[in-house]
Amino acid sequence: MSDVDEATRAKISEALVGRPKSAETRRRMSGGRAGEKNHRWEGGFSEGYGTGWGIVRRDAYERDEVCQICGEDGTSERLEVHHIVPVRLFAHSKDHEKTDAHLLANVVLLCVPCHVETERGDLPWYAPPDELPESIGEI
Ligand SMILES: [Zn+2]
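The protein is annotated in an unreviewed UniProt entry as HNH nuclease domain-containing protein from Halarchaeum nitratireducens.

(A) Summary view of the overall build of the protein. Broken down by element type, the protein carries seven helices and two strands. Tracing the protein from N to C terminus, the helices and strands come up as α-α-α-α-β-α-β-α-α. Counting over 139 residues, the protein shows a buried share of 27%. Summarising the internal contacts of the protein: among those between residues at least 6 apart in sequence, 73% fall at separations of at least 24.

(B) Local environment of the environment of Gly-71. Along the chain, the position of Gly-71 falls in the loop between helix H4 (53–64) and strand E1 (79–83). As a C-alpha pair, Gly-71 and Leu-109 span 38 residues in sequence and 9.8 Å in three-dimensional space.

(C) The confidence of the model for the protein, seen in detail. When pLDDT is averaged across the protein, the result is 71; 55% of the residues are at 70 or more. For the stretch residues 16–27, pLDDT sits under 50, and the model shows 11 contacts to residues farther than four places along the chain or on other chains. Low pLDDT (under 50) marks residues 30–46, which in the prediction has 10 contacts with non-local residues, meaning those over four places away or in another chain.

(D) Quick peek at the nonpolar core. Of all hydrophobic cores here, the largest spans 20 residues; its most connected members are Ala-60, Cys-67, Val-107, Val-108, Leu-109, Leu-110 and Cys-114. Mapped onto this core, the elements with two or more residues apiece are H4, E1 and strand E2 (107–111). Considering each element in turn, this core owes the most residues, five residues, to E2.

(E) Seen up close, the pairing of E2. Within E2, five of the five residues are buried, leaving the element largely enclosed by the surrounding structure. Because side chains alternate across E2, one face comprises the buried residues Val-107, Leu-109 and Cys-111, and the other comprises Val-108 and Leu-110, equally buried. Here five bridges tie E1 to E2, and the two strands are oriented antiparallel to one another. If you follow His-82 over to E2, its bridge partner there is Val-108.

(F) Quick peek at the environment of Asp-59. Following the sequence through the fold, Asp-59 ends up in helix H4. A residue is classified by how many C-beta atoms lie within 10 Å of it, and Asp-59, with 17 of them, is partly exposed. Sequence separation of Asp-59 and Val-108 is 49 residues, and the distance between their C-alpha atoms is 10.0 Å.

(G) Layout of unusual backbone geometry. Positive phi, close to 65°, is recorded for Glu-65, a residue that is not glycine. Here Glu-65 is to be found in the loop between H4 and E1. A residue is classified by how many C-beta atoms lie within 10 Å of it, and Glu-65, with 18 of them, is partly exposed.

So, how was this worked out
- Residues numbered from 1 in each chain as written.
- Predicted model: local features only at pLDDT ≥ 70, side-chain atom pairs only at ≥ 80, totals over all residues.
- Helix = DSSP H or I, 4+ residues; strand = E, 2+ residues; numbered from the N terminus.
- Buried ≥ 20, exposed ≤ 12 C-beta atoms within 10 Å, placed from the backbone.
- Contact = placed C-beta atoms within 7 Å.
- pLDDT = per-residue confidence, 0-100.
- Core = buried A, V, L, I, M, F, W, Y, C linked by C-beta atoms within 7 Å.
- Pairing = 2+ DSSP bridges.

In structure tokens, the structure reads:
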């Protein structure tokens, strides 16, 4: 994985900055697809996550559409929204509320296997606290 490092860092910066959604993406999204109902379901993951989670989760599905590591589109594996800077870092920070983690710039859509590996630290979508982008730091 060592040759991935630079591309990986670029991907993280890109994700942290956020990408504007094209009109074409919007059009494709409005067509609907399998699992769309689940994306609108905002109740289940809220334990401990606070307000804003349901909204950013839905926005992440709309922005990314597929797993941002392997491209899985939700057909073979379930897709989940991953916090790049973990919620617990915000929760433990003196300057932040845990709900500050729920920014579109701080989440990325991953399939379950990639999410598991990412949480283990084996895949790139993890930013340590000193990589908190200024836009998040200023909140
Ligand atoms: Zn994946």
